[in-house]
Amino acid sequence: MKKVVQMFVTVFVVAFLLIYVTARFNTFRGYSGGETLTVYNWGDYVDPDLITAFEEETGIKVIYETFESNEAMLTKIAHGGNAFDVVVPSDYAINKMKEQGMLIPLDHSLLPNLQYTDQRFLDLPFDEGNQYSVPYFWGTLGIIYNSEMLDGRHLTSWHDLWDESLRNKVLLVDSAREVIGIGLDSLGYSLNDTNPEHLHQAQRKLFDLVPNVKAIVGDEIKMLLANEEAAVGLVWSGDAALIIDENPKLDYIIPVEGTNVWFDNMVIPTTARNIEGAHMFINFMLDPENAAQNTEYVGYSTPNRAALEYLPEEITGDQRFYPGPEITDKLELYENLGRRMLAYYNELFLEFKMHRK
Ligand code: N2P
């Protein structure tokens, strides 16, 4: 009898130890159940149900982190310490990361769903041949406004933002190239201007805008505009689409002077620990049904040609958010202006923010 009890105790202790050691080992790897994948994306830029579906389908646990501008993302990655597997930067930031050797080439044989992407969004100048990146969402930068809160006025140009009637009514996104960009665009300069004199003129022009600026904000810009806490906003097209869905009194315009057209693509940085999982995640997002679901959730425009068939005409037929090439060809893509020039844009933007205080 004693022997039997002893045996039970031994089995119990060994089993307990085994469970304990495995648990410790897994915690050490960052997850108590297996493989992980760390994704770094813009805020409000994925349907969380898709993350869950990916986890269920693959058994890979996703660790998800967000940023609010390319500059914030680049700074965080440059400081190291984060082993991101998939990141979603915009065009010029992708070019910069590629030049600095921060990206690994994609294995297209692991991305069969890339075939569903519209040709129009492939092989763009910032990453020829899509060696390092594949399309996620695209859009423009423009003005959203609530005409009722402006006594029935309609806005058409960047220039309108300076109008006295807009005193303390304008929200800006907290992003250097966008804000400096409206200064440049309103003066007729390129969004890629590197002439210090022009850039200073743009900054001075922005100083004049200060009385009209109510706040410089992040993703809460959607809530503030939908709730009519501000009448006007400098926003990315997809955010505008979501806001208008919430509050149809608002409208979105591409200003007459022109603006930025941008492309956010998925990349795998050299810090990646799960390269195979990263390709699986990217391919999952390129699946037409998943891309359609994601599009409905985040409000941005999909570059996935096959996904359009799953979306209502009300979304895909809206010229404000799906402008054709005849419009986008006239807009400007941000170029990678090089480390020093980008730092200079940041500095001018910071000075503008200080000027408001
Ligand atoms: C999502 C913002 C997406 C961005 N909140 C523009 N590239």
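Remember, predicted model here, so these are calculated numbers, not experimental data. (Residues numbered from 1 in each chain as written. Predicted model: local features only at pLDDT ≥ 70, side-chain atom pairs only at ≥ 80, totals over all residues. Heavy atoms only, no water.)

Caption draft 1: Spatial organisation of the pairing of strand β1 (residues 36-42). Judged by how many residues are buried, β1 sits mostly within the fold: 7 of 7 residues are covered. Where β1 lies against strand β2 (residues 61-67), 7 bridges are found, and the strand directions are parallel. The partner of T36 across the bridge, within β2, is K61. In this fold, β1 hands off to helix α2 (residues 48-58), which returns the chain to β2; that crossover is right-handed. When β1 meets strand β3 (residues 86-87), the two strands line up parallel, connected through 2 bridges. Bridge pairing in β3 places Y40 opposite V87. (Buried < 20%, exposed > 50% of the residue type's maximum accessible area, 1.4 Å probe, protein only. Helix = DSSP H or I, 4+ residues; strand = E, 2+ residues; numbered from the N terminus. Pairing = 2+ DSSP bridges. Right-handed = clockwise from strand over helix to strand, strands pointing away.)

Caption draft 2: Broad picture of the site of the ligand. Around the ligand, the neighbouring residues are W42, G43, Y45, S90, D219, W236, W262, D264 and Y300. Between D264 and the ligand, the recorded distance is 2.8 Å, taken from a side-chain N or O atom to a nitrogen atom. About the coverage of the ligand: the protein hides 98% of its 260 Å² of free accessible area. Broken down by class, the residue content of the shell around the ligand amounts to 5 nonpolar, 2 polar and 2 charged. (Near = heavy atom within 4 Å. Polar contact = N/O pair within 3.5 Å; in protein donor to acceptor, adjacent residues only side chain to side chain. Areas by Shrake-Rupley, 256 points an atom, 1.4 Å probe, with all protein chains shown as cover. Nonpolar A, V, L, I, M, F, W, Y, C, P; charged D, E, K, R; others polar.)

Caption draft 3: Region of interest: the environment of Y322. One can find Y322 in the loop between α11 (313-316) and α12 (325-328). The exposure class of Y322 is buried, given its relative accessible area of 11%. Between the C-alpha atoms of Y322 and L122, which are 200 residues apart in sequence, the distance is 16 Å. Not counting residues within four places of it along the chain, the set of residues in contact with Y322 comprises W138, T295, Y300, S301, T302, L308, L311, I315 and T316. Among the polar contacts made by the side chain of Y322, one reaches the main-chain amide nitrogen of T302 at a distance of 3.0 Å. (Contact = heavy atoms within 4.5 Å.)

Caption draft 4: Main features of the nonpolar core. One finds M73, L161, L172, V232, M266, I282 and F352 to be the most contacted residues of the largest nonpolar core, which totals 115 residues. For this core, the element with the highest residue contribution is strand β4 (residues 133-146), accounting for 8 residues. Shared between two domains, this core holds at least three residues of each, these being domain 1 (7-137 + 263-322) and domain 2 (139-261 + 331-355). Not counting the four nearest positions on each side in its chain, I282 is found in contact with V86, L106, L111, V134, M266 and I268. (Core = buried A, V, L, I, M, F, W, Y, C linked by side-chain atoms within 4.5 Å. Domains from an automatic or database assignment.)

Caption draft 5: Fine view of the packing of α2 against helix α10 (residues 288-298). Here α2 crosses α10 at 150°, and the two axes come no closer than 9 Å. Comparing their axes, α10 and α2 come out roughly antiparallel. Listed contacts from α10 to P48, D49 and L50 of α2 are N290, Q293, N294 and Y297. Of the residues that constitute the contact of α2 with α10, the class distribution is 3 nonpolar, 3 polar and 1 charged. (Axes fitted to C-alpha atoms, helices over the stretch in contact; angles between N-to-C directions. Parallel < 35°, antiparallel > 145°, perpendicular 65-115°, else oblique.)

Caption draft 6: Fine view of the pattern of salt bridges. With the rule as written, the count across this model stands at 14 salt bridges. Residue R320 pairs with D251 through a salt bridge whose shortest N-O separation is 2.7 Å. Of this pair, R320 sits in the loop between α11 and α12 while D251 sits in strand β8 (residues 250-253), placing them 69 residues apart in sequence. Look at D251 and you get partly exposed, because its relative accessible area is 26%. Connected via shared salt-bridge partners are D44, D219, K222 and D239. (Salt bridge = Lys/Arg side-chain N within 4 Å of Asp/Glu carboxyl O.)

Caption draft 7: Representation of the domain arrangement of the protein chain within the structure. Its domain assignment divides the protein chain into domain 1 (7-137 + 263-322) and domain 2 (139-261 + 331-355). On a C-alpha basis, the centroid separation for the pair domain 1 and domain 2 is 29 Å. In this complex, domain 1 contributes 20 residues to the contact, which on the side of domain 2 involves 25 residues. Counting each side, the surface lost to burial between domain 1 and domain 2 is near 2000 Å², with a carbon and sulfur contribution of 57%. For the domain 1 face of the interface with domain 2, the top three residues by lost area are Y92, Y300 and R320, together amounting to 30%. On the surface where domain 1 and domain 2 come into contact, there are 2 salt bridges. Salt-bridge contacts for D44 lead to K222; the nearest nitrogen and oxygen are separated by 2.8 Å. Summed over the shared surface of domain 1 and domain 2, the number is 6 residue pairs in polar contact (both at pLDDT 80 or more). Secondary structure elements with two or more residues in the side of domain 1 that touches domain 2: α4 (91-99) and α10. Residue contributions to the side of domain 1 that touches domain 2 peak at 5 residues, all from α4. The class makeup of the residues in the side of domain 1 that touches domain 2 is 8 nonpolar, 5 polar and 7 charged. (Buried area = accessible area lost by both parts, 1.4 Å probe.)

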